[in-house]
Amino acid sequence: MSHHANRRTLLAQAAALGAALAFGRSCAHASAGQPRTERRDLYPQGVASGDPAPDSVILWTRRTPDEGVAEHRLMVEVASDEAFSHILARGDVQVSAATDWTCRFLAAGLRPAREYWYRFVDEAGNMSRVGRTLTAPTASDDRPVRFAFVSCQDVTNGALNAYRRMIYEDARRPRAEQLCFVLHLGDFIYEIVRYPEDTPNGLDRGRKLTGAVRYPNGEKVRHFNFPTNLEDYRTSYRSYLLDPDLQDARARWPFVPVWDNHEFSWNGYQSQQKIFNDPPRNAQTLKVAASQAWYEYQPARVIKQSPGDVFVPPQDTNTAPSNIDSRGVAQEPNNLIAIHALQIERAFRFGKNIDMIITDNRSFMAAPIDGSNLPGLDFGALPELANDILDEGREYEGGAPAKLHIGATEVDNPQVHEPPQAYLGVEQMAWFKERLRAARAPWKIWGHSFGTLTWRTDPQNLPPEFAASWPSTEYGVFNRSYLVEHREIFSMIRDEGITGFAIVAGDKHSFWAGYPSENLPPRDFNPVGVEFITGSISQQGAA
């Protein structure tokens, strides 16, 4: 293929990702001899790279606008050395308020498993800081793959110095033992914010609130603040990326990001916003705004519905969910428009040893169970049988019973006619199974925002004097959810002999390890792989 034909192909690939192209030294209009000055103050959110492939990587920055300027022209330079004496690729693009002054480049034509440096330069020669990135090894490269997975960072009530420790340790390792990428499993921002003046002495659970995020619009509910539009979400990302530890981490490694719940709404699902235990709100336009801000600030190979680098919000109206399908997803057109506005599920090969599959676990999540008629129990758990009946809804094996028995208490089953609890949706489930079947690397890793493991306790074994605290002879379970979907996946893995299956997850603010299985002993215990859940970067409390 000729250079020009290859460039046309790469331009099409970049356009599909909403990115400009950096390819070859003549891909931008550089000003020969123009003086260069590093001006980090003009790039206050730093630089970042993401989703590395053997021959390319996504590069990102934000150039804050000069007063009275409608646009800036930025050039990116990619070099094989930190001094930029060997520049291998250039590209340029205009940035404006339409993208909140951010830009994304597909740096292509690179060599696999290499270290590169990059920087951005505006039309006046003002440079960003220098970033470092890494390309992926080829599918035949048998070298070990080292990556970190992280989640749950909140700059308003804690420090992100876990990144500083990661950088410190990584820099002291031999090059062959350093991290290849960082998998960020979500809660990159927290949309629920407490301002210091909202709490006694400006403290939240013993921590001093920083006031790092303040929404220009926002809505206050019970001393907490929530975003109400695109500018609020953009403000959150801009504020988070002022953190020096996070900024340095994004400048050191390529990130592979996925969202969890707080990038849109803590208790929300699909395009429904849910604040605390209040009734859900129809929030299609807010869901789209959250997706747009995520797209603008994350260097990822994701697909939006509009062409070009600008995220053009689809026409959408806040409408009540209706026409619920077999996995709980509302087929109402406005809901479908909102949850498909940005496709973040994706898969990639990293060397000979890893096939990584990343899913969107929030956009297709079924409405939560209405447990308002259930008796309150100590330990915050449910007896295992009642939990399973509720979770599996009308697909409970043998037919969903009309009544639930929790100890001696009998209540109506609120899920008897409802679809099972689910989060992948019909289409994404089919895609996930297809990608898992096609994976040929020894390790098939599912990047999962919140994990599949069950937390089980045995209050039925407490001494008799505590019997009133747990009126059941069964185990109590937490987090035993989405049983129908997990059974479908785990059964396929077992029946088709798929090996090397692993799940890495976050969300819990605590460290877990275990074996994913449909059931725990004394039921049939048939693990299909291993699972690791990481603690939070900074957020506290159980989740």
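Above this text sits the structure in question.
Predicted model, so just to flag it, every value in this text is computed and none were measured.

1. Focus: a nonpolar patch on the surface
Argument step 1. On the surface, a nonpolar cluster with roughly 260 Å² of combined accessible area is contributed by Phe379, Leu462 and Phe466.
Argument step 2. For phenylalanine 466, the position within the fold is in the loop between β28 (455–457) and β29 (476–478).

2. So, the pattern of salt bridges
Any two side chains of opposite charge can pair, given that their charged atoms come close.
Argument step 1. Counting across every chain of the model gives 41 salt bridges.
Argument step 2. Taking the shortest distance from any N to any O, the salt bridge between aspartate 507 and lysine 508 comes out at 4.0 Å. As far as burial versus exposure is concerned, aspartate 507 and lysine 508 are alike and both buried.
Argument step 3. Each of Arg165, Glu169, Asp170, Arg173 and Arg252 takes part in one network of salt bridges that share partners.

3. Description of the packing of aromatic side chains
Argument step 1. What the rule picks out here adds up to 22 aromatic pairs.
Argument step 2. Ring geometry for phenylalanine 226 against phenylalanine 276: centres 5.9 Å apart, planes inclined by 85 degrees, an arrangement best described as edge-to-face. Of the two residues, phenylalanine 226 is situated in strand β16 (residues 224–226) and phenylalanine 276 in the loop between β18 (272–273) and β19 (281–282); the sequence distance between them amounts to 50 residues. As far as the burial class goes, phenylalanine 226 and phenylalanine 276 line up, both buried.
Argument step 3. Where tyrosine 423 meets phenylalanine 450, the ring centres are 5.0 Å apart and the plane angle is 70 degrees; that geometry is what we call edge-to-face. Separated by 27 residues along the polypeptide, tyrosine 423 in the loop between β26 (409–412) and α8 (425–438) and phenylalanine 450 in the loop between β27 (443–448) and β28 bring together distant segments of the chain.
Argument step 4. By relative accessible area, which is 5% here, phenylalanine 450 ends up buried.
Argument step 5. Through pairs of rings, three or more aromatic residues link up here, namely Phe147, Phe149, Phe181, Phe348 and Phe350.
Argument step 6. Against the face of tyrosine 195 rests arginine 214, its NZ or CZ located 4.6 Å from the ring centre.
Argument step 7. Across from the ring centre of tryptophan 60, 4.9 Å away, lies the NZ or CZ of arginine 250, which sits over that ring.

4. Some thoughts on the sheet that holds β27
Argument step 1. Within the open sheet, the 6 strands sit side by side as β22-β23-β27-β30-β32-β31. Their pairing is mixed. Taken across any chain shown, the strands that pair with only one partner, and hence form the sheet edges, are β22 (346–350) and β31 (512–514). On average, adjacent strands in this sheet sit at an angle of 15 degrees to one another, irrespective of strand direction.
Argument step 2. Pairing analysis gives 3 bridges linking β31 to strand β32 (residues 530–533), with the strands arranged antiparallel.

5. Looking at helix α3 (residues 230–240)
Given 3.6 residues per turn, any residue in an α-helix points the same way as the ones three and four places further on.
Argument step 1. Summarising burial for α3: 9 of the 11 residues are buried, a large majority.
Argument step 2. When we look at burial in α3, the residues that qualify are Asp232, Tyr233, Arg234, Thr235, Ser236, Tyr237, Arg238, Ser239 and Tyr240.
Argument step 3. One side-chain oxygen of the residue at the start of α3 lies 3.3 Å from the amide nitrogen of glutamate 231, identifying that residue as asparagine 229.

The rules behind each value
Residues numbered from 1 in each chain as written. Predicted model: local features only at pLDDT ≥ 70, side-chain atom pairs only at ≥ 80, totals over all residues. Heavy atoms only, no water. Patch = residues over 30% accessible without salt bridge, like charges linked within 9 Å, V, L, I, M, F, W, Y side chains within 5 Å. Areas by Shrake-Rupley, 256 points an atom, 1.4 Å probe, with all protein chains shown as cover. Salt bridge = Lys/Arg side-chain N within 4 Å of Asp/Glu carboxyl O. Helix = DSSP H or I, 4+ residues; strand = E, 2+ residues; numbered from the N terminus. Buried < 20%, exposed > 50% of the residue type's maximum accessible area, 1.4 Å probe, protein only. Phe/Tyr/Trp six-rings, centres within 6.5 Å; stacked < 30°, edge-to-face > 60°. Lys NZ or Arg CZ within 6 Å of the ring centre and 35° of its normal. Pairing = 2+ DSSP bridges. Axes fitted to C-alpha atoms, helices over the stretch in contact; angles between N-to-C directions. Polar contact = N/O pair within 3.5 Å; in protein donor to acceptor, adjacent residues only side chain to side chain.

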